[in-house]
Amino acid sequence: MSRTMSKKHLLAGLAAAGVLGVGIAAPTVAFAEDNTATPSPSASSSTDQGTDRQQQRADREADFAAALAKELGVPTDKVTAALEKLREQRKADRPERPSTEDRQAMLKERLDQAVKDGKLTQEQADAITKAAEAGVFPGPGGRGHHGPEGTTDK
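Residues numbered from 1 in each chain as written. Predicted model: local features only at pLDDT ≥ 70, side-chain atom pairs only at ≥ 80, totals over all residues. Heavy atoms only, no water.

S.K.: Before we go on, may I ask you to explain the overall build of the chain in this structure?
M.R.: When helices and strands are counted, the chain shows 5 helices and 0 strands. Listing each helix as α and each strand as β along the chain from the N terminus yields α-α-α-α-α. Here the chain holds 154 residues, and the buried ones make up 10% of them. Contacts spanning at least 24 positions in sequence make up 31% of the contacts within the chain whose residues lie at least 6 apart. (Helix = DSSP H or I, 4+ residues; strand = E, 2+ residues; numbered from the N terminus. Buried < 20%, exposed > 50% of the residue type's maximum accessible area, 1.4 Å probe, protein only. Contact = heavy atoms within 4.5 Å.)

Set out below in C-alpha cells:
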C-alpha cells in the first residue's frame, strides 16, 4: 500500500512541477516571440548605443510585466511595482562594487605578493598591470564588456 501511495505522490509532484513549468515558460516564450526582430547595427556613438540599450531593456521589461500580469490576472501596474520593489531589494542586498581604482590597487597587491612569493617575475607583473589598464582582460571595464548603465568602458 505504501508503494502505491509513493507512486501517487510522485505522480502528483510531477504533475505540479509540469504545471509550474508551463506557468513560468508560457510568459517567457510569449515574451521571446515578441522580440524576435534583431536591431540592425548603427554607426551611432557609444552613448547613443547605451541609451538605445536602456530603452530596449525598458521596453522588454514592460512587455514582460504586461505578459506576467495577463497570465496572473492582475493589473500591469501592480506587477510593475512588485518587480521594481524586488529589484530594489536585490540591489540593496548586493555589496557595492569597488571602483576601478580600488580594483587596480587590489590587483597590484596580489601581483606584488606573487612576485614576493616567487610565482611571477616583476616583468610579468608589470605586463599584467599594463594589460589590465589597457582593458585586455574581460569583465567590467575590460574591452567588449559593459560597465555601469550599459555603457562600454574603454
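S.K.: Explain the environment of Lys 119 to me, please; I cannot follow it from the model alone.
M.R.: Within the fold, Lys 119 resides in the loop between helix H4 (100-116) and helix H5 (122-133). Apart from the residues lying within four places of it in its own chain, the contact partners of Lys 119 are Ala 114 and Gln 124.

S.K.: I tried to follow the packing of H4 against H5 on my own but got confused; where do I start?
M.R.: The axes of two packed helices give the description: the angle between them and the distance between them. Running from N to C, H4 and H5 point in directions that differ by 165°, and their axes come no closer than 9 Å. It follows from the interaxial angle that H4 and H5 lie roughly antiparallel. As H4 runs across H5, the sense of the crossing is right-handed. On H5, the residues that touch Gln 104, Leu 107, Leu 111 and Val 115 of H4 are Gln 122, Ala 125, Ile 128, Thr 129, Ala 132 and Glu 133. In terms of residue class, the contact of H4 with H5 is built from 6 nonpolar, 3 polar and 1 charged. (Axes fitted to C-alpha atoms, helices over the stretch in contact; angles between N-to-C directions. Parallel < 35°, antiparallel > 145°, perpendicular 65-115°, else oblique. Left-handed = near helix turned anticlockwise from the far one by under 90°. Nonpolar A, V, L, I, M, F, W, Y, C, P; charged D, E, K, R; others polar.)

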